[in-house]
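Here is how the chains run, residue by residue.
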Amino acid sequence: MGGQVVTAVPWTAERVAGLAPDPASEKAGRALATPAKWSGAGASEDAVWGFCQGSGKKPYQTCVELAEPAFRCSCPSRKFPCKHALGLLLLWAAGRVDGAEPPDWVHAWLSERADRARRAENRAEAAGPKDEEAAARRAADRAARVEGGVAELKVWLTDRIGAGFARFERNGGEELRTVAARMVDAQASGLAGGLRRAAGIVGRRDWPEALLAELSQLYLLADAATRLESLPPALADTVRTRLGFSVETARVLETGERVADDWLITGAADEENDRLLTRRTWLRGLGTGRDALVLSFAPPGRPLDATLPPGHRLTAELAFYPGAAPLRALVAERGIPLAAPTAEGGSIADALAAHTQAMAADPWLERWPVLLSGVTPAEHAGGWCLSEKDGTAMPLVPYAFPWSLPALSAGRPLTVAGEWSPAGLRPLTCWHENRAVRL
């Protein structure tokens, strides 16, 4: 392998590492990024492919479509991308894969994907324009259902808080889940989600205080939902979103606030809820200082969007969803992500001040992105925190603490990006020796 010019510009190793579903997969992929492990490898403008020798007699057939990207491998792994796809891309990134014409099996897979995309477009065209009258009726029906659910929830919350939480630990979780099911029937998914979170609080340490805070937020949302017409338009948009009303992508791209900047992709976090994988990717505008959240979704076993690798810079124009504290956005126009070997963050005080301002505009905000410089991991009160020289500290979420963080720090200050929530800070990325490390 080597010698000829690859027909597609190879990605950086950092960008490939950003695709890894977890650190173990990245490590395994790096171990496979050697020519001795591969045969029949090649790259075109659209794809990279090859055969990786595993433990069996038959090598694994691996291919990556570069545009989406999309991954195909004959191995039994359920991770996307698997270690073989990562190893192939890392080999390509190192300039060890020659340009070539795709073999038949690669061409067939690419053609199949293109055909599926065309069929989907044709189905959309055949469906024709929406029946605006029918859509208006469905919207009115849902609004009426949500209104009924909101009224029911306000009555239940008033009665429940009035009765207190005595003996609630025994069956309170089940009671909350029952009310959540009624909110699902009322098509108020935001209220249902809050009730399910509340059910998970019951029985934990100091749970009555945490439960009261969660239910207070739900009452505030339900009360605001009864006064939508009198709220400022931006706040009304926020309330609708928190209730579970979605905003069409086309509307966001057409009317959403546009912000063009060089964006630092500070981190990404994956979660699975209700059999749906969600990836939260955080960006910060290097010129505007604006924070943004890009969401992607996929069913279990399918790859999430991997075009925004943490630790990279991206020249792009974002379109923001409406709201009192606009944070979620779509990438409307983009360039090619480039590795960002360093990052410049702020202080803990700056991060908390920004969070306070955002909470004043959107009191239902669940997470807030932070980018801190000059912080050191330290033990504190039986847990861990990020501490500044003067002793100012931000506690870390206990269940999400990455033990690699103190190892990378070795007692020296780092730049760390993460998500701040009532549970603490969840570290996502740190910068060490002129490279970004996904935690």
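Residues numbered from 1 in each chain as written. Predicted model: local features only at pLDDT ≥ 70, side-chain atom pairs only at ≥ 80, totals over all residues. Heavy atoms only, no water.

### Some remarks on the overall build of the chain
Across its full length, the chain holds 12 helices and 16 strands. Its C-alpha radius of gyration of 24 Å places the chain within 12% of the 22 Å reference for a compact globule of 439 residues. Taking the principal axes of the C-alpha coordinates as reference, the chain spans close to 75 × 65 × 45 Å. Pairs at least 24 apart in sequence give 62% of the contacts found in the chain among residues at least 6 apart. If you sum the accessible surface of the chain, you get close to 22800 Å²; carbon and sulfur atoms cover 52% of it. (Helix = DSSP H or I, 4+ residues; strand = E, 2+ residues; numbered from the N terminus. Rg over C-alpha atoms; globule rule 2.2 N^0.38 Å. Contact = heavy atoms within 4.5 Å. Areas by Shrake-Rupley, 256 points an atom, 1.4 Å probe, with all protein chains shown as cover.)

### Overview of the state of the cysteines
Throughout this description, disulfide means a covalent bond between two cysteine sulfur atoms. Per the stated rule, a full pass over the model turns up zero disulfides. With no disulfide partner, C75 has as its closest neighbouring cysteine sulfur the one in C73, 3.6 Å distant. The exposure class of C75 is buried, given its relative accessible area of 9%. Here C385 stays free of any disulfide, with the sulfur of C430 as its closest cysteine sulfur at 16 Å. Exposure remark for C385: the relative accessible area of 5% places this residue in the buried category. (Disulfide = S-S within 2.5 Å. Buried < 20%, exposed > 50% of the residue type's maximum accessible area, 1.4 Å probe, protein only.)

### Remarks on the confidence of the model for the chain
Considering every residue of the chain, the mean pLDDT works out to 89; 95% of them sit at 70 or more. In this model, residues 1-6 is a region of pLDDT below 50 whose contacts with residues beyond four sequence positions or in other chains number 18 contacts. (pLDDT = per-residue confidence, 0-100.)

### Description of the packing of aromatic side chains
Tallied over the full model, the rule gives six aromatic pairs. When the centroid spacing of 6.1 Å and the interplanar angle of 40° are considered together, the rings of F165 and W207 count as tilted. Of this pair, F165 sits in the loop between α5 (132-163) and α6 (168-185) while W207 sits in helix α8 (residues 207-225), and the two are 42 residues apart along the sequence. Each of the two residues, F165 as well as W207, counts as buried. Of the aromatic side chains, those joined through ring pairs into one cluster are F165, F168 and W207. (Phe/Tyr/Trp six-rings, centres within 6.5 Å; stacked < 30°, edge-to-face > 60°.)

### Thoughts on unusual backbone geometry
Looking along the chain, the bond that leaves F80 and enters P81 is cis, with omega of -10°. The residue P81 is located in the loop between β4 (70-73) and α3 (83-93) in this model. The phi dihedral of R167 is positive, around 65°, even though this residue is not glycine.

### Structural notes on the environment of A151
Residue position: A151 is located in helix α5. For A151, a relative accessible area of 42% translates into the label partly exposed. Residues A151 and R240 lie 89 residues apart in sequence; the distance between their C-alpha atoms is 15 Å.

### Some words on the sheet that holds strand β11 (residues 368-380)
Taking strand neighbours across the sheet as the criterion, the six strands line up as β13-β12-β11-β14-β15-β16 in an open arrangement whose pairing is antiparallel. Either end of the sheet is taken by a strand with one partner, and the two such strands are β13 (393-395) and β16 (436-438). On average, each strand axis in the sheet is inclined to that of its neighbour by 50°, with strand direction left out of account. Pairing of β11 with strand β14 (residues 414-421), which is carried by six bridges, proceeds in the antiparallel orientation. Residue pairing for β14: W368 is matched across the bridge by W420. In the packing of helix α11 (residues 348-361) onto the sheet, the strands contacted are β11, β12 (383-387), β13 and β14, and the crossing angle to β11 comes to about 135°. (Pairing = 2+ DSSP bridges. Axes fitted to C-alpha atoms, helices over the stretch in contact; angles between N-to-C directions.)

### Some points on helix α7 (residues 189-201)
Between its terminal C-alpha atoms α7 stretches 19 Å, which fits the 18 Å expected from 13 residues at 1.5 Å a residue. Buried residues in α7 make contact with α5, α6, α8 and α9 (233-243). Just beyond α7, the residue with positive phi is G203, at close to 95°. (Expected span 1.5 Å × (residues − 1).)

### Topic: the packing of α5 against α6
Where α5 meets α6, the axes come as close as 9 Å, and the angle between the chain directions of the two elements is 165°. One element, α5, and the other, α6, form an angle in the roughly antiparallel class. Like other packed secondary-structure pairs, α5 and α6 cross with a definite hand, here right-handed. Seen from α5, the contacting residues are R145, G149, E152, L153, W156 and R160; seen from α6, they are F168, E175, L176, V179, R182, M183 and D185. Partitioned by chemical class, the residues of the contact of α5 with α6 number six nonpolar, one polar and six charged. (Parallel < 35°, antiparallel > 145°, perpendicular 65-115°, else oblique. Left-handed = near helix turned anticlockwise from the far one by under 90°. Nonpolar A, V, L, I, M, F, W, Y, C, P; charged D, E, K, R; others polar.)

### Overview of the pattern of salt bridges
The tally for this structure, following the rule as stated, stands at 26 salt bridges. One salt bridge connects D237 with R240, and the closest N-O pair in it is separated by 3.5 Å. Of this pair, D237 and R240 both sit in helix α9, three residues apart, roughly one helical turn. Between R426 and E271 there is a salt bridge, with the nearest N and O atoms lying 3.7 Å from each other. Residue R426 is found in strand β15 (residues 424-431), and its partner E271 is found in strand β5 (residues 257-273); the two are separated by 155 residues along the sequence. Overall, the relative accessible area of 23% leaves R426 in the partly exposed class. Overlapping salt bridges, with partners in common, bring together R197, E214, E271, R280, E366, R367, E419 and R426 in one network. (Salt bridge = Lys/Arg side-chain N within 4 Å of Asp/Glu carboxyl O.)

### Things to note about the environment of L276
Mapping L276 onto the fold places it in strand β6 (residues 276-285). Here the alpha-carbon distance between L276 and P299, two residues 23 residues apart in the chain, equals 4.9 Å. Beyond its immediate stretch of four places on either side in the chain, L276 contacts E271, F297, A298 and P299.

### Remarks on the packing of helix α2 (residues 23-32) against α3
Running from N to C, α2 and α3 point in directions that differ by 55°, and their axes come no closer than 7 Å. One finds that α2 runs oblique with respect to α3. With respect to the hand of their crossing, α2 and α3 are arranged in right-handed fashion. On α3, the residues that touch S25, E26, A28, G29, R30 and L32 of α2 are K83, H84, L86, G87 and L90. Class assignment of the residues belonging to the contact of α2 with α3 gives a composition of four nonpolar, four polar and three charged.

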